[in-house]
Amino acid sequence: MGIPCTLIPGDGIGPDITDATLRILDAAGAQFDWDRQLAGMAAVNAVKDPMPDATLDSIRRTRLALKGPLETPVGDGYRSVNVALRKTFDLYANVRPARDIIPGGRFDNVDIVLIRENTEGLYAGLEHYVKVGEDDKAAAQSIALITRIGSERVIRYAFEYALAHGRKKITLVHKANILKYSQGLFRQVGQQIAKEYDGRVAYDERIVDACAMQLVIKPESFDMIVTTNLFGDILSDLVSGLVGGLGLAPGANIGQHAAIFEAVHGTAPDIAGQGVANPSALLFAACLMLEHVGDAGRAARIRTAAESVIREGKTVTRDLGGTANTRQFADAVIARIGA
Ligand code: NAD
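Residues numbered from 1 in each chain as written. Predicted model: local features only at pLDDT ≥ 70, side-chain atom pairs only at ≥ 80, totals over all residues. Heavy atoms only, no water.

**Student:** Explain the site of the ligand here, please?
**Tutor:** Among the 19 residues in the neighbourhood of the ligand, the closest are listed as Leu70, Gly266, Ala268, Asp270 and Asn278. Take His265: an N or O atom from its side chain is 3.2 Å from a nitrogen atom of the ligand. Between an oxygen atom of the ligand and a main-chain N or O atom of Thr267, the distance comes to 3.0 Å. The fraction of the free accessible surface of the ligand (820 Å²) that becomes covered by protein chains is 65%. Taken together, the residues of the shell around the ligand break down into eight nonpolar, six polar and five charged. (Near = heavy atom within 4 Å. Polar contact = N/O pair within 3.5 Å; in protein donor to acceptor, adjacent residues only side chain to side chain. Areas by Shrake-Rupley, 256 points an atom, 1.4 Å probe, with all protein chains shown as cover. Nonpolar A, V, L, I, M, F, W, Y, C, P; charged D, E, K, R; others polar.)

**Student:** Teacher, can you tell me more about helix α4 (residues 81–88) here?
**Tutor:** Residues that lie three or four places apart on an α-helix share one face, since the helix turns once every 3.6 residues. Of all the positions in α4, only Val81, Asn82, Leu85 and Arg86 are classed as buried. All buried residues of α4 project into a common sector of 145 degrees when viewed along the axis, lining one side. The elements touched by buried residues of α4 are α2 (40–47), α3 (53–62), β3 (64–67), β5 (111–117), β11 (250–254) and β12 (259–263). Between a side-chain oxygen at the N-terminus of α4 and the backbone nitrogen of Asn82 the separation is 3.3 Å; the capping residue is Ser80. Just downstream of α4, Asp90 is the residue with a positive phi angle, here 50 degrees. (Buried < 20%, exposed > 50% of the residue type's maximum accessible area, 1.4 Å probe, protein only. Helix = DSSP H or I, 4+ residues; strand = E, 2+ residues; numbered from the N terminus. Arc of directions from axis to C-beta. Contact = heavy atoms within 4.5 Å.)

**Student:** Could you clarify how one ought to interpret the nonpolar core in this entry?
**Tutor:** Where a protein is soluble and globular, its nonpolar side chains tend to be buried together. Residues Ile115, Ile155, Phe261 and Ile302 are the most contacted members of the largest nonpolar core, which totals 67 residues. For this core, the leading source of residues is helix α9 (residues 280–292), giving 10 residues. Other than its neighbours up to four places away in sequence, Ile302 contacts Ile24, Leu25, Ala28, Leu283, Cys287, Leu290 and Ile337. One finds Ala98, Cys211, Leu235 and Val243 within the second-largest nonpolar core, a separate group that totals 16 residues. (Core = buried A, V, L, I, M, F, W, Y, C linked by side-chain atoms within 4.5 Å.)

**Student:** Would you take a moment to explain the packing of aromatic side chains for this structure?
**Tutor:** The relative placement of two aromatic rings is captured by the distance of their centres and the angle of their planes. Counted according to the given criterion, the structure contains four aromatic pairs. Where Phe32 meets Trp34, the ring centres are 4.9 Å apart and the plane angle is 35 degrees; that geometry is what we call tilted. Ring centres of Tyr157 and Tyr161 lie 6.2 Å apart, and the angle between their planes is 50 degrees; on these two criteria the pair is classed as tilted. Taken together, the positions of Tyr157 and Tyr161, both in helix α5 (residues 148–164) and four residues apart, correspond to about one turn of that helix. Take Tyr157: its relative accessible area is 17%, and that puts it in the buried class. Residue classification places Tyr161 among the buried positions, given a relative accessible area of 8%. Connected via pairs of aromatic rings, a cluster forms that spans Phe159, Tyr197 and Tyr203. (Phe/Tyr/Trp six-rings, centres within 6.5 Å; stacked < 30°, edge-to-face > 60°.)

Right, dumping it as structure tokens:
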């Protein structure tokens with residue numbers, strides 16, 4: 001019996017990169033019982049609902065999902081399913097590892113795991129207009145909500161992740177010099193929790209603007225970062241940029257009752273249906289999922305195989321300067337796993 005896991009192939013290139021990822025997981029002997037479900041445009045086309053109850057019920061049952069990219073219509077149409085999933089399952093920690101795989105890039109020795117608070121801060125959805133005189137929208141206000149409980153759970157998750165993954169240092173990123181209350185609370189909670197892990201995980205702090213500069217000048221000096229929602233949104237793309245963009249970047253959304261693993265990139269409509277997409281980001285997301293369920297050894301084997309194919313550069317997809325298609329890349333990784 002495998003581990004029950006909801007599988008959402010997604011839209012655009014989603015089905016192609018999902019097939020490739022499943023073939024590689026199978027070849028490595030990963031034991032999952034996949035429950036295939038729909039979301040996004042595929043679900044709209046099939047059952048006229050971008051987030052069907054059957055999909056939500058499946059995730060409630062398995063508490064684990066591997067998800068391909070989902071199309072979000074711009075302007076009119078349904079709201080982002082990704083955001084809705086985050087809200088429905090209260091997925092409070094967004095985990096974004098960034099590691100340079102291909103040598104000779106702009107930066108070497110980058111290996112950063114950024115953990116972003118995913119539910120509150122400026123994205124809490126507390127917004128309104130203020131009417132002044134005749135103007136209904138004379139001003140607009142967005143409230144940055146930081147709670148002690150919300151801060152505690154994400155910061156504690158970061159420390160536990162550090163212990164589980166042999167990480168040495170957590171940098172808490174904040175702007176408490178200006179936002180003394182909200183950012184101050186997040187920082188205060190960080191300092192309290194850091195004391196509990198004293199001697200096991202080192203702790204330091206950076207103000208977000210200085211951190212942005214240091215990430216570009218000296219990225220190798222960072223190990224793990226934990227930060228609030230807006231700063232995490234921006235800095236997680238920055239760290240992906242340090243290692244060559246979003247194409248290879250996996251992400252995990254973790255909650256108390258469910259965890260959803262995905263590629264950071266979107267549906268790539270420009271190459272959808274051509275069988276040429278790079279499945280690495282979803283594959284690396286599956287590796288994060290293997291670690292999450294306690295199968296770190298298998299995750300490491302798959303990652304090592306895929307990274308060596310990417311580094312070698314002979315059988316890589318177009319986005320990495322090669323000519324291989326999705327299937328050929330997956331075959332090369334499978335051959336390397338078996339080797
Ligand atoms: P995108 O990431 O889909 O594409 C940006 C560029 O990167 C394109 O040129 C694309 O061909 C390339 N690319 C992306 N992934 C690739 C891969 N695996 N292999 C090779 N090339 C790849 O971003 P976009 O065009 O801004 O968004 C397209 C759609 O995806 C939108 O509907 C958007 O809402 C959605 N989206 C979904 C997610 C998600 O589900 N997590 C994330 C981002 C965007």
